[in-house]
Amino acid sequence: MAKIVILTGAGISAESGLKTFRDDGGLWEGHRVEDVATPEAFGRNASLVHQFYNQRRRDLAEVAPNAAHRALGALMASSLHEVTIVTQNVDDLHERGGCPSVWHMHGQLLKKRCEWCGAVSDCSEDLSQDDRCSECEQTGGMRPDIVWFGEMPYFLEKIDGVLSDCDLFVAIGTSGAVYPAGNFVNLARLSGARTLELNLVRTDNSGNFDEVREGPASVKVGEWVEEILAD
């Protein structure tokens with residue numbers, strides 16, 4: 001049984017119809033990242049931030065997992081290997097694709113968190129400044145449970161642990177340009193793991209991988225999973 005760590009990024013969800021993080025102009029859905037994805041932005045204009053994420057939540061409800069998500073679900077369901085999936089994505093497409101356990105290092109769109117007491121709960125509806133926390137009962141502090149720029153990603157200690165003990169590290173649909181995730185391949189290589197990148201095109205990080213396969217995630221992930229299950 002091999003220990004496999006898989007990192008996924010925006011590229012795997014793009015084929016389901018979700019837009020990737022930023023366009024060529026550096027904007028996210030027409031907004032500067034600094035205006036919708038930082039704690040300072042929430043402090044300046046919480047209404048705009050809520051409006052932005054409320055729309056992302058509605059968009060998520062309109063899409064479905066693609067073949068890549070389902071292939072990873074099949075890999076986890078096989079129980080032939082010890083598989084850990086770490087994602088930079090905030091959507092729930094991995095879960096809907098059959099992956100029962102996913103580490104969302106940048107948080108989850110379908111979760112909300114109270115700024116006052118830290119309570120986290122499910123969130124499928126719109127949020128606003130008028131929402132009251134079910135734990136501390138204060139208003140004005142409910143926010144998406146998203147790791148914004150300037151905040152610490154989730155699960156880093158656990159991720160370091162599995163990377164230091166894995167046999168294979170696979171990066172799918174991620175540019176490797178955002179740290180600390182961009183350094184995961186190097187941490188895995190230090191542990192002696194084999195490394196594989198599956199991406200639409202080569203990235204600036206491709207030279208750090210033992211093997212690179214170019215093509216759509218919906219095709220390449222399924223091909224790779226078939227190989228793993230056949231072994």
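Residues numbered from 1 in each chain as written. Predicted model: local features only at pLDDT ≥ 70, side-chain atom pairs only at ≥ 80, totals over all residues. Heavy atoms only, no water.

1. Quick word on the sheet that holds strand S10 (residues 194–199)
For step 1, the next point in the chain: Read from one edge to the other, the open sheet built from 6 strands follows the order S5-S4-S1-S9-S10-S11, with strand pairing classed as parallel. Looking along the sheet, the strands with just one partner apiece sit at the ends: strand S5 (103–104) and strand S11 (211–214).
For step 2, the next point in the chain: Pairing of S10 with S11 involves 4 bridges; the strand directions are parallel. Looking across to S11, one finds that Asn199 is bridged to Glu214.
For step 3, the next point in the chain: Along the sheet face, helix H5 (residues 67–78) touches strand S1 (3–8), strand S4 (82–87) and strand S9 (168–172) and points at about 145° away from the line of S4.
For step 4, the next point in the chain: Contacts from helix H9 (residues 217–230) reach S1, S9, S10 and S11 within the one sheet, and its direction differs from that of S9 by about 160°. (Pairing = 2+ DSSP bridges. Helix = DSSP H or I, 4+ residues; strand = E, 2+ residues; numbered from the N terminus. Contact = heavy atoms within 4.5 Å. Axes fitted to C-alpha atoms, helices over the stretch in contact; angles between N-to-C directions.)

2. Digging into the packing of aromatic side chains
For step 1, the next point in the chain: Per the stated rule, a full pass over the model turns up 6 aromatic pairs.
For step 2, the next point in the chain: Judged by centre distance (5.6 Å) and plane angle (40°), the rings of Phe42 and Trp148 are tilted. Of this pair, Phe42 sits in helix H3 (residues 39–44) while Trp148 sits in the loop between strand S8 (142–146) and helix H7 (156–163); the two residues are 106 residues apart in sequence, bridging distant segments of the chain. Side by side, Phe42 and Trp148 carry an identical accessibility label, which is buried.
For step 3, the next point in the chain: Ring centres of Trp103 and Phe155 lie 5.9 Å apart, and the angle between their planes is 15°; on these two criteria the pair is classed as stacked. (Phe/Tyr/Trp six-rings, centres within 6.5 Å; stacked < 30°, edge-to-face > 60°. Buried < 20%, exposed > 50% of the residue type's maximum accessible area, 1.4 Å probe, protein only.)

3. Describing the UniProt feature "active site" (unreviewed entry) in the protein chain
For step 1, the next point in the chain: The residues that UniProt annotates with the feature "active site" (unreviewed entry) are His106.
For step 2, the next point in the chain: Tracing the sequence through the fold places His106 in the loop between S5 and strand S6 (107–114).
For step 3, the next point in the chain: By relative accessible area, which is 17% here, His106 ends up buried.
For step 4, the next point in the chain: Excluding residues within four positions of it along the chain, His106 makes contact with Thr87, Gln88, Val90, Asp145, Ile146, Val147 and Pro153.
For step 5, the next point in the chain: A polar contact of 3.2 Å, which involves the side chain of His106, links it to the backbone oxygen of Gln88. (UniProt positions renumbered as here; feature names shortened; annotations may be inferred. Polar contact = N/O pair within 3.5 Å; in protein donor to acceptor, adjacent residues only side chain to side chain.)

4. A closer look at the sheet that holds S6
For step 1, the next point in the chain: Sheet architecture is open: 3 strands sit in the order S7-S6-S8, paired in antiparallel fashion. Strands with a single pairing partner mark the edges of an open sheet, and in this sheet they are strand S7 (120–122) and S8. Pairwise comparison of adjacent strand axes, ignoring direction, gives a mean angle of 45° for this sheet.
For step 2, the next point in the chain: Inspection of the sheet shows S6 paired to S8 by 5 bridges, in the antiparallel sense. Bridge pairing in S8 places Cys114 opposite Met142.

5. Things to note about the pattern of salt bridges
For step 1, the next point in the chain: In this structure the tally under the stated criterion is 15 salt bridges.
For step 2, the next point in the chain: A salt bridge links Lys111 to Asp122; the shortest N-O distance between them is 2.7 Å. In this pair, Lys111 sits in strand S6 while Asp122 sits in strand S7, placing the two residues 11 residues apart along the sequence.
For step 3, the next point in the chain: By relative accessible area, which is 57% here, Asp122 ends up exposed. (Salt bridge = Lys/Arg side-chain N within 4 Å of Asp/Glu carboxyl O.)

6. Re the UniProt feature "binding site: substrate" (unreviewed entry) in the protein chain
For step 1, the next point in the chain: UniProt annotation of "binding site: substrate" (unreviewed entry) refers to Tyr53 and Arg56 when read in the numbering used here.
For step 2, the next point in the chain: Mapping Tyr53 onto the fold places it in helix H4 (residues 46–61).
For step 3, the next point in the chain: Within the secondary structure, Arg56 is located in helix H4.
For step 4, the next point in the chain: Residue classification places Arg56 among the buried positions, given a relative accessible area of 12%.
For step 5, the next point in the chain: One polar contact links the side chain of Arg56 to the main-chain carbonyl oxygen of Phe52, over a distance of 3.0 Å.

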